[in-house]
Amino acid sequence: MTTRNANTTDGGLTRRAFMQSTAAGAGLLLAPALWAQESQPAATELRIALIGAGSQGRNLLTQCLKIAGVRFAAVCDIWPYHQRYSANILKKYDQPVKVYADYQEMLAKETDLDAVIIATPDWVHAEQAAACLRAGRHVYCEKEMANNLDGARRMVQAARETGKLLQIGHQRRSNPRYGQAIKLIRKDKILGRITHVYGQWNRAERLEVGWPKGEEMDAATLKRHGYDSMERFCNWRWYRQYSGGPMADLGSHQVDVFNWILDARPQSVLAGGGHDYYENSEWYDNVMAVYEYPVEGKIVRGFYQVLSTTSHGGFYETFMGDQGSMVISEDPRKGFIFREVAAPKREWEDEAKKVETMGKEAIELKVGETLAPDGTKTPEAQRMLEESQKPVHQLHLENFFRAIREGTPLSCPPEVAYETAVSVLLANEAVAARRQLEFPADAFQV
Ligand SMILES: NC(=O)c1ccc[n+]([C@@H]2O[C@H](COP(=O)([O-])OP(=O)(O)OC[C@H]3O[C@@H](n4cnc5c(N)ncnc54)[C@H](O)[C@@H]3O)[C@@H](O)[C@H]2O)c1
């Protein structure tokens with residue numbers, strides 16, 4: 001990549017000017033404080049705990065192990081199997097931890113925790129996050145913030161009242177590729193006027209989540225924690241008591257991107273969907289929603305679909321304007337810019353890397369390619385490139401820990417995630433109502 005862009009440019013631009021204006025390089029110059037970080041060594045070690053050591057909890061745990069100056073003191077999970085599993089991983093990395101089944105006991109005994117990471121099923125996020133904040137801890141809580149708005153509101157209020165940090169796990173908000181997309185769309189306006197956005201998350205037929213034989217929790221323990229059976233406990237996503245369904249689980253990441261990139265809140269949602277394929281689940285297994293966003297006095301329509309019976313096309317978002325469109329995804333293989341034939345050609349296009357996709361020529365969306373006049377990568381470009389290669393959850397955790405240490409902004413504070421929760425939960429209601437629903441004027445405020 002460096003070699004390619006080290007070539008001279010046409011149209012009389014200097015190489016520096018070219019790289020500063022290209023899709024490849026432009027985002028680097030303006031990407032905000034979001035990723036202005038990591039150069040400083042950690043001053044003090046942060047003591048942290050994890051609540052919920054299931055699949056995502058262990059992913060976050062693994063990412064934390066790569067971050068300097070962060071050390072686990074405790075793990076809490078109601079399932080002994082997951083307690084052991086995660087404590088064993090931490091022991092291998094020389095981070096022996098105390099293990100708890102009750103998060104309140106953990107908060108009472110672990111008095112010197114700086115922060116808690118919460119990766120439990122959505123329905124307990126509000127109670128646990130609010131309790132941790134009120135116990136004086138900073139909190140990183142997974143999305144969906146909560147499976148109802150009352151819970152989400154209590155989380156925002158707890159963060160405000162305690163002054164502690166609450167980062168919600170919409171990790172695209174800390175991803176430099178998305179930061180660059182925003183810069184290109186909002187500042188450089190390379191797509192012209194955006195008229196439509198599209199997003200999808202299609203997943204193959206789901207398999208029931210099971211558990212190792214002999215590791216079942218007994219009925220009394222399950223009941224104490226709100227579960228009728230191991231089946232409901234392991235497959236909580238499919239039950240209304242525990243989850244907001246696929247629209248909240250997957251849709252929240254991408255509708256959050258709609259809100260973020262458009263810098264707007266939807267004014268209405270029309271949705272269809274159903275509980276058509278799986279017999280033992282309560283949530284819609286497919287939802288197709290049309291949002292209307294007021295943007296600069298015009299309407300932008302956003303179509304979002306989540307399907308759980310086919311993986312066709314996977315997951316990505318597309319922003320479509322009268323001069324071009326952009327495909328972006330957390331999957332770094334999906335980042336393309338298309339120019340409409342009639343739109344003016346940008347001076348940097350000849351130099352940018354092209355690929356053939358969907359029968360059209362596209363420019364690849366890249367970060368970390370800004371070159372100095374001597375043709376070498378600038379230190380900032382090098383840093384951005386390295387950032388963009390980190391696992392996405394690591395970047396979001398780093399943003400959280402940096403905010404604790406240095407007071408830099410969180411990339412997904414609770415007010416932002418609350419707007420996302422409002423946006424996706426009303427789509428579920430629109431499916432039930434079988435009609436378009438308006439967001440009340442004060443819907444996005446807490
Ligand atoms: N940001 C992302 O990309 C991403 C990806 C996957 C999951 N998630 C989120 O992470 C969270 C966990 O999802 P998962 O897939 O890991 O689920 P999971 O079922 O694998 O893990 C949940 C864990 O929480 C534990 N648990 C349940 N109730 C508890 C309680 N009251 N106290 C303590 N522990 C309890 C369970 O024993 C289990 O170990 C969800 O909110 C999910 O939406 C986020």
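Residues numbered from 1 in each chain as written. Predicted model: local features only at pLDDT ≥ 70, side-chain atom pairs only at ≥ 80, totals over all residues.

Asks: Please clarify how the overall build of the protein should be interpreted in this entry.
Replies: Tallying secondary structure elements over the protein gives 16 helices and 16 strands in all. Here the protein has a C-alpha radius of gyration of 23 Å; the compact-globule value for 446 residues is 22 Å, and the two agree. Along the three orthogonal principal directions, the C-alpha set of the protein runs to about 75 × 55 × 40 Å. In the protein, buried positions account for 49% of the 446 residues. For the protein, the proportion of contacts with a sequence separation of at least 24, taken over those separated by at least 6, is 72%. (Helix = DSSP H or I, 4+ residues; strand = E, 2+ residues; numbered from the N terminus. Rg over C-alpha atoms; globule rule 2.2 N^0.38 Å. Buried ≥ 20, exposed ≤ 12 C-beta atoms within 10 Å, placed from the backbone. Contact = placed C-beta atoms within 7 Å.)

Asks: Looking at this structure, I do not really get the packing of helix α8 (residues 149–162) against helix α16 (residues 414–433). What am I missing?
Replies: Packed helix pairs are characterised by how far apart their axes lie and by the angle those axes make with each other. Remark: α8 packs on α16, axes separated minimally by 10 Å, with the N-to-C direction vectors making an angle of 175°. Taken together, the axes of α8 and α16 lie roughly antiparallel to each other. Between α8 and α16, the contacting residues are Leu149, Ala152, Met155, Val156 and Ala159 on the first element and Pro414, Glu415, Tyr418, Ala421, Val422 and Leu425 on the second. For the contact of α8 with α16, a count of residues per class yields ten nonpolar, no polar and one charged. (Axes fitted to C-alpha atoms, helices over the stretch in contact; angles between N-to-C directions. Parallel < 35°, antiparallel > 145°, perpendicular 65-115°, else oblique. Nonpolar A, V, L, I, M, F, W, Y, C, P; charged D, E, K, R; others polar.)

Asks: Looking at this model, I keep getting lost on the packing of helix α4 (residues 55–65) against helix α15 (residues 392–406). Mind explaining?
Replies: Relative orientation of the contacting elements α4 and α15 amounts to 70°, with a least axis distance of 9 Å. Compared by their axis directions, α4 and α15 come out roughly perpendicular. By crossing handedness, the relation of α4 to α15 is classed as right-handed. Together, Asn59, Leu60, Gln63 and Cys64 of α4 and His393, Gln394 and Leu397 of α15 make up the contact between the two elements. In terms of residue class, the contact of α4 with α15 is built from three nonpolar, four polar and no charged. (Left-handed = near helix turned anticlockwise from the far one by under 90°.)

Asks: Just checking my understanding: could you explain the pairing of strand β2 (residues 70–76) for this structure?
Replies: Each regular strand shows side chains that alternate between the opposite faces of the sheet. Among the seven residues that make up β2, five are buried, leaving the element largely enclosed by the rest of the structure. Judged from the six bridges that link them, strand β1 (residues 46–51) and β2 form a sheet pairing that is parallel. Along β2, the bridge assignment pairs Ala49 with Ala74. In the classification by handedness, the crossover that spans β1, the intervening α4 and the parallel β2 is right-handed. Pairing geometry for β2 and strand β3 (residues 98–100), over three bridges, is parallel. Bridge pairing in β3 links Ala74 to Lys98. Assessed by its sense of winding, the connection that carries the chain from β2 through helix α5 (residues 80–92) to β3 is right-handed. (Pairing = 2+ DSSP bridges. Right-handed = clockwise from strand over helix to strand, strands pointing away.)

Asks: Mind showing me how you'd approach the site of the ligand here?
Replies: Lining the immediate surroundings of the ligand are 25 residues, of which Gly52, Gly54, Gln56, Trp79 and Glu142 lie closest. Ranked by residue count, the leading element in the shell around the ligand is α4, at three residues. Looking at the shell around the ligand residue by residue, the classes come out as nine nonpolar, ten polar and six charged. (Near = placed C-beta within 6 Å.)

Asks: Is there a simple way to explain the environment of Pro414 in this structure?
Replies: You can see Pro414 is positioned in helix α16. Looking at Pro414, the number of C-beta atoms within 10 Å reads 27, which means it is buried.

Asks: Can you help me understand the sheet that holds strand β16 (residues 436–438) in this one?
Replies: Read from one edge of the open sheet, ten strands run β14-β15-β13-β12-β11-β7-β10-β9-β8-β16, paired in mixed fashion. Each edge of the open sheet is held by one strand with a lone partner, namely β14 (354–357) and β16. Adjacent strand axes in the sheet meet at a mean angle of 25° when their direction is disregarded. For strand β11 (residues 315–321) and strand β12 (residues 324–328), the ladder comprises four bridges, and the chain directions are antiparallel.

Asks: So what exactly am I meant to see when it comes to the sheet that holds strand β6 (residues 166–168) here?
Replies: Strands belonging to one sheet form pairs held by backbone hydrogen bonds; the direction of such a pair is parallel or antiparallel. Here we have six strands laid out as an open sheet, ordered β3-β2-β1-β4-β5-β6, and parallel in their pairing. The open sheet terminates on both sides in strands that have one partner only, identified here as β3 and β6. Neighbouring strand axes in the sheet, compared pairwise and without regard to direction, differ in orientation by 25° on average. Sheet topology places strand β4 (residues 115–118) next to strand β5 (residues 138–141); four bridges connect them, and they run parallel. Bridge pairing in β5 links Ile117 to Tyr140. Contacts from helix α7 (residues 125–134) reach β1, β4, β5 and β6, with the element oriented near 160° to β5.

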